[in-house]
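Single-letter residue listing:
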Amino acid sequence: MATILVVDDELGIRDLLSEILNDEGHTVELAENAAQARAVRAQLRPDLVLLDIWMPDTDGVTLLKEWASTGLLSMPVIMMSGHATIDTAVEATRIGATAFLEKPITMAKLLKAVDQGLNKAPPKTSPTAAPTRLISGLSMDLTVEAAMTGSTLPEPVMDMGPQSSQSFNLEGPLRETRDEFEKAYFEYHLAKESGSMTRVAEKTGLERTHLYRKLKQLGVDLARSKRNAL
């Protein structure tokens, strides 16, 4: 398992990502701004960094550029933001970011990006070397995530298959039928809410920690998405 540094000024985001990654067996270090991120990077040399773009002291792209220019960008860095533009994504990719996650971040996208980042070689791009395959063909219709993956739309995290009306086998044991119903119930709401844990927690009336553990217990989406990412 890896040591992962999560840099985000939002306490809720730090806590949620830390909980998910800890449950996966990783060691998680937290920083709420660039100053703390610099200190943790110097002391621990994390295997991967999840870096928010918009922070109050120094933005994530500036910090990424600082690490690249001083030879400290020796680990994969995944950028995070809910308000980034394609231009920002292109700039981060030029500097050396390996991926981008749009907020709200779904479990499947987080774990897939982390798994892929940990299996990639250390970034070697320089701040001045623009990747041609990324720049060519960009259009205003692309999402930021698409821009960060070479103008190719990412694979869907989940399909919209679950329907509001489904049938269940009432002849089986109660526990199995109940688990089948709960799995279908959560899959439906995850699909309806585009994988947002926050909205699903509000919709179902569950605390996010309980919800996450329930999803893992039932095998909803997370295990399947991880297998597809390998």
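Worth saying up front: this structure is predicted, and the values here are computed from it rather than measured.

Procedures and definitions
- Residues numbered from 1 in each chain as written.
- Predicted model: local features only at pLDDT ≥ 70, side-chain atom pairs only at ≥ 80, totals over all residues.
- Heavy atoms only, no water.
- Salt bridge = Lys/Arg side-chain N within 4 Å of Asp/Glu carboxyl O.
- Helix = DSSP H or I, 4+ residues; strand = E, 2+ residues; numbered from the N terminus.
- Contact = heavy atoms within 4.5 Å.
- Polar contact = N/O pair within 3.5 Å; in protein donor to acceptor, adjacent residues only side chain to side chain.
- Buried < 20%, exposed > 50% of the residue type's maximum accessible area, 1.4 Å probe, protein only.
- Arc of directions from axis to C-beta.
- Pairing = 2+ DSSP bridges.
- Axes fitted to C-alpha atoms, helices over the stretch in contact; angles between N-to-C directions.
- Core = buried A, V, L, I, M, F, W, Y, C linked by side-chain atoms within 4.5 Å.
- Right-handed = clockwise from strand over helix to strand, strands pointing away.

A few words now on the pattern of salt bridges. Under the criterion given, the structure shown has five salt bridges. With its nearest N and O atoms 3.3 Å apart, the salt bridge here joins lysine 65 to glutamate 91. Of this pair, lysine 65 sits in helix H3 (residues 60-69) while glutamate 91 is found in helix H4 (residues 86-95), placing the two residues 26 residues apart along the sequence. A single salt-bridge network, built from bridges that share partners, covers Asp8, Glu10, Asp52 and Lys103.

Moving on, we get to the environment of aspartate 47. With respect to the secondary-structure elements, aspartate 47 resides in the loop between helix H2 (34-44) and strand S3 (48-52). When near neighbours in sequence (up to four residues on either side) are disregarded, aspartate 47 contacts Ala2, Thr3, Met75, Pro76 and Leu118. Within the structure, aspartate 47 has its side chain in polar contact with the backbone nitrogen of threonine 3 (distance 2.8 Å).

This brings us to the side chain of threonine 98. Along the chain, the position of threonine 98 falls in the loop between H4 and strand S5 (99-102). Taking the relative accessible area as the measure of exposure, threonine 98 reaches 15% and is therefore buried. The contacts of threonine 98, once residues within four sequence positions are left out, are Pro76, Val77, Ile78 and Lys120.

We now examine unusual backbone geometry. Cis geometry is adopted by the peptide bond preceding proline 104, which originates at lysine 103 and carries an omega value of 0°. Here proline 104 shows up in the loop between S5 and helix H5 (107-118). Unlike most non-glycine residues, arginine 45 shows phi in positive territory, near 50°.

Further remarks concern H2. Within H2 the residues assigned to the buried category are Ala34, Ala37, Val40 and Arg41. Down the axis of H2, the sector holding all buried residues measures 120°, keeping them to one side. Exposed side of H2, more than 90 degrees from the buried face: Ala42 and Gln43 are the residues found there. On its buried face, H2 is in contact with strand S1 (3-7), strand S2 (27-31) and H3. Sitting at the amino-terminal end of H2 is asparagine 33, which places a side-chain oxygen 3.2 Å from the backbone nitrogen of alanine 35. Backbone geometry just downstream of H2 places arginine 45 in the positive-phi region, at approximately 50°.

Sheet architecture is open: five strands sit in the order S2-S1-S3-S4-S5, paired in parallel fashion. Since the sheet does not close on itself, it has two edges, and those belong to S2 and S5, each with one partner. Neighbour-to-neighbour, the strand axes of this sheet turn through a mean angle of 20°, independent of strand direction. As paired strands, S1 and S3 are joined by four bridges and run parallel to one another. Across the sheet, the residue bridging to valine 7 is leucine 51, located in S3.

Below, the discussion takes up the nonpolar core. Within the largest apolar cluster, 31 residues are counted, with the highest numbers of intra-cluster contacts made by Ile4, Leu21, Leu50, Ile78, Leu101, Leu110 and Leu215. Excluding its chain neighbours within four sequence positions, the residues that come into contact with isoleucine 4 are Leu21, His26, Thr27, Val28, Glu29, Leu48, Leu50 and Val114. Counting residues in each nonpolar core, the second largest holds 23 residues, with Ala31, Val49, Met79 and Ala92 among its members.

Before going further, it helps to examine the side chain of lysine 103. Topologically, lysine 103 is positioned in the loop between S5 and H5. In terms of polar contacts, lysine 103 uses its side chain to reach the side chain of aspartate 8, at 2.7 Å. With sequence-adjacent residues up to four places away left out, lysine 103 is seen in contact with Asp8, Glu10, Ile13, Asp52, Met80, Ser81 and Gly82.

What follows concerns the pairing of strand S4 (residues 77-81). Most of S4 sits out of view: five of its five residues are buried. In terms of strand pairing, S3 meets S4 through four bridges, oriented parallel. In the sheet register, valine 49 faces S4, and the bridge partner there is valine 77. You can see the chain leave S3, run along H3 and come back into S4, and the turn it takes is right-handed. Two elements, S4 and S5, share four bridges in a ladder whose sense is parallel. Bridge assignment links isoleucine 78 to a residue of S5, and that residue is alanine 99.

So, to be careful, I would describe these as geometric facts and stop short of saying anything about function.
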